[in-house]
Amino acid sequence: MSVEDFFRAAGVEAGYGALQVLWGVELSLRQGESVVLLGANGAGKTTLLRTLLGLVPLWRGEIRFLGRRIETWPTETRVRAGLAFMTEQGVFPNLSVEENLAVGGFHLGRTTARRRIGELYEMFADLREKRREPAANLSGGQRKLLAVAKAVVARPRLLLMDEPSAGLAPRLVGQVVEILRQLHRDGLTLFIAEQNVKFLELAQRTLVLEGGRVAFRGTVEELRENDAARKAYFGLEG
Ligand code: ATP
């Protein structure tokens, strides 16, 4: 498999009922890269991520991961193949931090999961401290970090994230960015839908969605020089 074959989606069309949201989206991710997906509210970022995971049905197009066609696979099979999705809804408030992480690693078997959770505590010191506490007791920032940690327990190859900064105080956004930087350094490929400019620090490439179509692709520098793309990404205006 070449690095180009890591992840590829072509001609992606999807929507809800009679509403078509995505119109022929092309996307390719190289192994180990970090790509930020931008676009105004309603542009279709969430729909794209959920379609790639199989949570929204694909109308037309194809999706390849690690050289294989995955668009007909159920979400669970995609996850087992190494695709992960970070969502806060995935954190169970009544379970302890450690139980949440164990859920994230349930495919791994108990011994491997325990070792992996131990490794993650090295990176997520706050979580180690609170490991016996219910997730409901965590602060907003800690809960976000738990969602990230839970998504990576099973050592996914590609992590998809939908606005990891949502609801976070600015000082905590930096903390999430730092953790993602570290995971990326360790080889994780990142595809992040974000509006927060801070996340552009992580972006080797950016993609702008507009009305369900890719309106721009390029580096952060190219984005800053492109008027239309800058307008589409409100955070960079002015
Ligand atoms: P935001 O940043 O506001 O989440 P987004 O770029 O992620 O925006 P989507 O959430 O993918 O955009 O929404 C794209 C379009 O699809 C919008 O018009 C939205 O109203 C519509 N939509 C999203 N989810 C559903 C749903 N479950 N049922 C029907 N329409 C939906």
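Details of the structure are given in the entry above.
Residues numbered from 1 in each chain as written. Predicted model: local features only at pLDDT ≥ 70, side-chain atom pairs only at ≥ 80, totals over all residues. Heavy atoms only, no water.

### A word on the site of the ligand
Point 1. Around the ligand, the structure places 13 residues, and the nearest of them are Gly42, Gly44, Lys45, Thr46 and Thr47.
Point 2. Contacts to the ligand include glycine 42, whose backbone N or O atom sits 2.8 Å from an oxygen atom.
Point 3. At 2.9 Å, a backbone N or O of glycine 44 approaches an oxygen atom of the ligand.
Point 4. Those elements that place two or more of their residues in the shell around the ligand are strand 2 (19–29) and helix 1 (45–53).
Point 5. No other element matches the three residues that helix 1 contributes to the shell around the ligand.
Point 6. Classifying every residue of the shell around the ligand gives five nonpolar, six polar and two charged. (Near = heavy atom within 4 Å. Polar contact = N/O pair within 3.5 Å; in protein donor to acceptor, adjacent residues only side chain to side chain. Helix = DSSP H or I, 4+ residues; strand = E, 2+ residues; numbered from the N terminus. Nonpolar A, V, L, I, M, F, W, Y, C, P; charged D, E, K, R; others polar.)

### A closer look at the pattern of salt bridges
Point 1. The tally for this structure, following the rule as stated, stands at 15 salt bridges.
Point 2. Between glutamate 98 and arginine 131 there is a salt bridge whose closest N-O contact spans 3.8 Å. Here the residue glutamate 98 occupies a position in helix 3 (residues 97–104), and arginine 131 occupies one in the loop between helix 5 (125–129) and helix 6 (140–152), the gap between them amounting to 33 residues.
Point 3. Assessed through its relative accessible area of 25%, glutamate 98 is described here as partly exposed.
Point 4. The closest approach of N and O atoms between glutamate 122 and arginine 128, which form a salt bridge, is 3.6 Å.
Point 5. Look at glutamate 122 and you get exposed, because its relative accessible area is 62%.
Point 6. In this structure arginine 128 comes out as partly exposed when scored by relative accessible area, which is 32%.
Point 7. Counted as one network, the salt bridges with shared partners bring together Glu62, Arg64, Arg69 and Glu71. (Salt bridge = Lys/Arg side-chain N within 4 Å of Asp/Glu carboxyl O. Buried < 20%, exposed > 50% of the residue type's maximum accessible area, 1.4 Å probe, protein only.)

### With respect to the pairing of strand 3 (residues 34–38)
Point 1. Extensive coverage of strand 3 is indicated by the burial of five of its five residues.
Point 2. Burial along strand 3 is two-sided: Ser34, Val36 and Leu38 facing one way and Val35 and Leu37 facing the other are all buried.
Point 3. Note that strand 3 and strand 9 (residues 205–210) share four bridges and pair parallel. Considered in strand 9, the bridge of valine 35 is made with arginine 205. (Pairing = 2+ DSSP bridges.)

### Things to note about the sheet that holds strand 7 (residues 158–162)
Point 1. Here we have six strands laid out as an open sheet, ordered 6-7-8-3-9-10, and mixed in their pairing. Both edges of this open sheet fall to strand 6 (83–86) and strand 10 (213–218), since each of them pairs with a single strand only. Shown here is a sheet whose adjacent strand axes are inclined to one another by a mean of 20°, direction ignored.
Point 2. In this sheet, strand 8 (residues 189–193) lies alongside strand 7 in parallel orientation, the contact comprising five bridges. Considered in strand 8, the bridge of leucine 159 is made with leucine 190.
Point 3. Its contacts with the sheet put helix 6 on strand 6 and strand 7, and the angle it makes with strand 6 is roughly 170°. (Axes fitted to C-alpha atoms, helices over the stretch in contact; angles between N-to-C directions. Contact = heavy atoms within 4.5 Å.)

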